[in-house]
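Reading the structure
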Amino acid sequence: MITNLTPYKKHKCSSWLCRVDYERIQAVGPDRAASEWLLRCGALVRYQGYEKWQQDYSGLPTGPLGKYKIEAINATESCIMYRGFDYLGKVKQYSSCST
């Protein structure tokens, strides 16, 4: 069971949040950049080989580029919008996405 989620209404969907930062994708890789965007929007991310859902932007795991691959996304209580979907364009291996 997932607890301590921030309700949708507390997330502010502003234009900077929806804007895709292509330089950031190049700098940190597609999975990290997508994770940052998803978490800013209130979604949850789970990485391959991990059971725990990542829900805290400031607690994103660190490591070599490409170490953490997104396996699943839970965007049920998020404010993701189509404008940010380019972040997911190069994420190759996620197997599920709940909206």
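Our subject is the structure listed above.
We now turn to the structure provided with this report. Because the structure is a prediction, the values reported are computed rather than measured. (Residues numbered from 1 in each chain as written. Predicted model: local features only at pLDDT ≥ 70, side-chain atom pairs only at ≥ 80, totals over all residues. Heavy atoms only, no water.)

Turning our attention to the environment of Lys 67. Relative to the elements of secondary structure, Lys 67 occurs in the loop between β1 (44-47) and β2 (70-74). C-alpha separation for the pair Lys 67 and Arg 32, spaced 35 residues apart in sequence, amounts to 9.2 Å. (Helix = DSSP H or I, 4+ residues; strand = E, 2+ residues; numbered from the N terminus.)

Turning to the packing of aromatic side chains, a few remarks are in order. Any two aromatic rings considered together are summarised by their centre-to-centre distance and by the angle between their planes. Enumeration over the complete set of coordinates arrives at 4 aromatic pairs. Where Tyr 47 meets Tyr 68, the ring centres are 5.7 Å apart and the plane angle is 65 degrees; that geometry is what we call edge-to-face. Here Tyr 47 is found in strand β1, whereas its partner Tyr 68 is found in the loop between β1 and β2, with 21 residues between them in sequence. A relative accessible area of 18% means that Tyr 68 is categorised as buried. On the numbers, 5.7 Å between centres and 40 degrees between planes, the contact of Tyr 50 with Tyr 68 is tilted. Note that Tyr 50 is positioned in the loop between β1 and β2 and Tyr 68 in the loop between β1 and β2, a separation of 18 residues in sequence. One aromatic cluster is present, formed by Trp 37, Phe 85 and Tyr 87 through successive ring pairs. (Phe/Tyr/Trp six-rings, centres within 6.5 Å; stacked < 30°, edge-to-face > 60°. Buried < 20%, exposed > 50% of the residue type's maximum accessible area, 1.4 Å probe, protein only.)

Right, let's talk about the pattern of salt bridges for a bit. Under the defined criterion, the tally for this structure stands at 4 salt bridges. Measuring nitrogen to oxygen at the nearest pair gives 3.8 Å for the salt bridge that ties Asp 31 to Lys 69. Separated by 38 residues along the polypeptide, Asp 31 in helix α3 (residues 30-40) and Lys 69 in the loop between β1 and β2 bring together distant segments of the chain. The shortest N-O distance in the salt bridge between Glu 36 and Arg 32 comes to 2.9 Å. Of this pair, Glu 36 and Arg 32 both sit in helix α3, 4 residues apart, which is roughly one turn of that helix. Overall, the relative accessible area of 3% leaves Glu 36 in the buried class. Salt bridges sharing partners connect three or more residues here, namely Arg 24, Arg 32 and Glu 36. (Salt bridge = Lys/Arg side-chain N within 4 Å of Asp/Glu carboxyl O.)

In this section: the pairing of β2. Most of β2 sits out of view: 4 of its 5 residues are buried. Judged from the 4 bridges that link them, β1 and β2 form a sheet pairing that is antiparallel. Paired with Arg 46 across the strands is Ala 72, a residue of β2. (Pairing = 2+ DSSP bridges.)

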